[in-house]
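Here is what each chain is made of, one letter per residue.
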Amino acid sequence: DAGITQSPRHKVTETGTPVTLRCHQTENHRYMYWYRQDPGHGLRLIHYSYGVKDTDKGEVSDGYSVSRSKTEDFLLTLESATSSQTSVYFCATGGLLWVEQFFGPGTRLTVL
Amino acid sequence: GIQVEQSPPDLILQEGANSTLRCNFSDSVNNLQWFHQNPWGQLINLFYIPSGTKQNGRLSATTVATERYSLLYISSSQTTDSGVYFCAVESRRGQETSGSRLTFGEGTQLTVNP
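Residues numbered from 1 in each chain as written. Chains lettered and ligands numbered in written order. Predicted model: local features only at pLDDT ≥ 70, side-chain atom pairs only at ≥ 80, totals over all residues. Heavy atoms only, no water.

**Re the state of the cysteines**
Residues and elements named next belong to chain A. On inspection of all chains with the given rule, the structure shows 2 disulfides over all chains. The residue that forms a disulfide with Cys23 is Cys91, at a sulfur-sulfur distance of 1.9 Å. Given an S-S torsion of about -70°, the disulfide between Cys23 and Cys91 has left-handed geometry. One end of the pair, Cys23, is in strand S3 (residues 19-25); the other, Cys91, is in strand S9 (residues 87-94), and 68 residues separate them in sequence. Among the residues examined, Cys23 registers a relative accessible area of 0% and is labelled buried. (Disulfide = S-S within 2.5 Å. Helix = DSSP H or I, 4+ residues; strand = E, 2+ residues; numbered from the N terminus. Buried < 20%, exposed > 50% of the residue type's maximum accessible area, 1.4 Å probe, protein only.)

**A short note on the pattern of salt bridges**
Inspection of the entire model under this criterion finds 5 salt bridges over all chains. Between Arg22 of chain A and Asp73 of chain A there is a salt bridge whose closest N-O contact spans 3.1 Å. Within this pair, whereas Arg22 of chain A is found in strand S3, its partner Asp73 of chain A is found in strand S8 (residues 73-78), the two being separated by 51 residues in sequence. We note a salt bridge from Arg58 of chain B to Asp81 of chain B, for which the minimum N-O separation is 2.9 Å. (Salt bridge = Lys/Arg side-chain N within 4 Å of Asp/Glu carboxyl O.)

**Thoughts on the interface of chain A and chain B**
Contacts between chain A and chain B engage 25 residues on the former and 24 residues on the latter. Both faces considered, chain A and chain B share a buried interface measuring about 2,000 Å² in area, 53% of it formed by carbon and sulfur atoms. Counting the contacts that link chain A with chain B gives 0 salt bridges. At the surface where chain A touches chain B, the tally comes to 5 residue pairs in polar contact (both at pLDDT 80 or more). Breaking the side of chain A that touches chain B down by element, the ones donating at least two residues are strand S4 (31-38), strand S5 (42-51) and strand S10 (102-103) of chain A. Ranked by the residues each element gives to the side of chain A that touches chain B, the list is headed by S5 of chain A, at 5 residues. (Contact = heavy atoms within 4.5 Å. Buried area = accessible area lost by both parts, 1.4 Å probe. Polar contact = N/O pair within 3.5 Å; in protein donor to acceptor, adjacent residues only side chain to side chain.)

Written out as structure tokens, the structure is:
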């Protein structure tokens, strides 16, 4: 598995507050992805990155922004958290065989 | 967008039994992967298999792209096989410049009892 860590692993916040989740990888993988996992929906792609400062939207990008200022870090920001953003968030990376993806441990976010 | 349906949604087995999980998709695919999410939530990449057959120990997978389905076989199941199995596909031709954008099915919840 790629060396992928996510922080924090758990977070409880209130509606309207900004939240930033961090994904850190040690494998020098070019591609990074953010997904959310909800019951009945499987995993859905939020945003992804194909290089430093190169990002694009996924299936459920509304209310989220991302940044990638260096290869190893991919940040997901909820500018103003809502209860509908309560979810488990997974980061993934893709490396030399660029079509494959490897997942981090996940962050459980609760918005009250 | 592409639709992914997995069956069965739930499966309960006794240790040592064999099982087949199915993934149907609504469009031609250039990327198909199987993942296992263990009871602690960790997602593990099992196979990258847009066509053909692959085997890894007790697990094997077959994708018949022309008929738009993939099968995951688990033989001699063990309690550690428990968890959720996801199929994920990409219908567009992904590019090395942009990576791959996967659409996931809702998964098959597998429980293996001792």
